[in-house]
Amino acid sequence: MRKLYDVQQLLKKYGIYVYVGKRLWDIEVMALELDHLHEASLVDHSTYAKAKLVLTHEHRIEEEREKEISGGKN
């Protein structure tokens, strides 16, 4: 599991489709859904850890992108 798409496909296996309208929010909701799947023992720890790393990485990228955009407006 290396990309956000891979995490989306994992969630899709469980009938979970996430689209809030803002990429940062989508990532946050995916992380919550992944937590719920792990707590229910539907996703093993290894898969969960890899998916969380991907989501954390993507979240960081989006936060930086938003900082650049808002910093450029001033």
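The preceding data block contains the structure.
These notes cover the structure that comes with them. The structure displayed is predicted, hence computed values, not measured ones.

1. Section: the pattern of salt bridges
Applying the stated criterion to the full structure yields six salt bridges. With its nearest N and O atoms 3.4 Å apart, the salt bridge here joins Glu66 to Lys22. Taken together, the residues span a long stretch of sequence, with Glu66 in helix H3 (residues 45–73) and Lys22 in the loop between helix H1 (4–13) and helix H2 (23–39) at a distance of 44 residues. You can call Glu66 partly exposed: its relative accessible area is 31%. The class of Lys22 is partly exposed, set by a relative accessible area of 31%. Taking the shortest distance from any N to any O, the salt bridge between Glu62 and Arg65 comes out at 2.5 Å. One end of the pair, Glu62, and the other, Arg65, are both in helix H3, three residues apart, so they sit about a helical turn from each other.

What counts and what doesn't
- Residues numbered from 1 in each chain as written.
- Predicted model: local features only at pLDDT ≥ 70, side-chain atom pairs only at ≥ 80, totals over all residues.
- Heavy atoms only, no water.
- Salt bridge = Lys/Arg side-chain N within 4 Å of Asp/Glu carboxyl O.
- Helix = DSSP H or I, 4+ residues; strand = E, 2+ residues; numbered from the N terminus.
- Buried < 20%, exposed > 50% of the residue type's maximum accessible area, 1.4 Å probe, protein only.

Worth remembering: the numbers are spatial, not functional.
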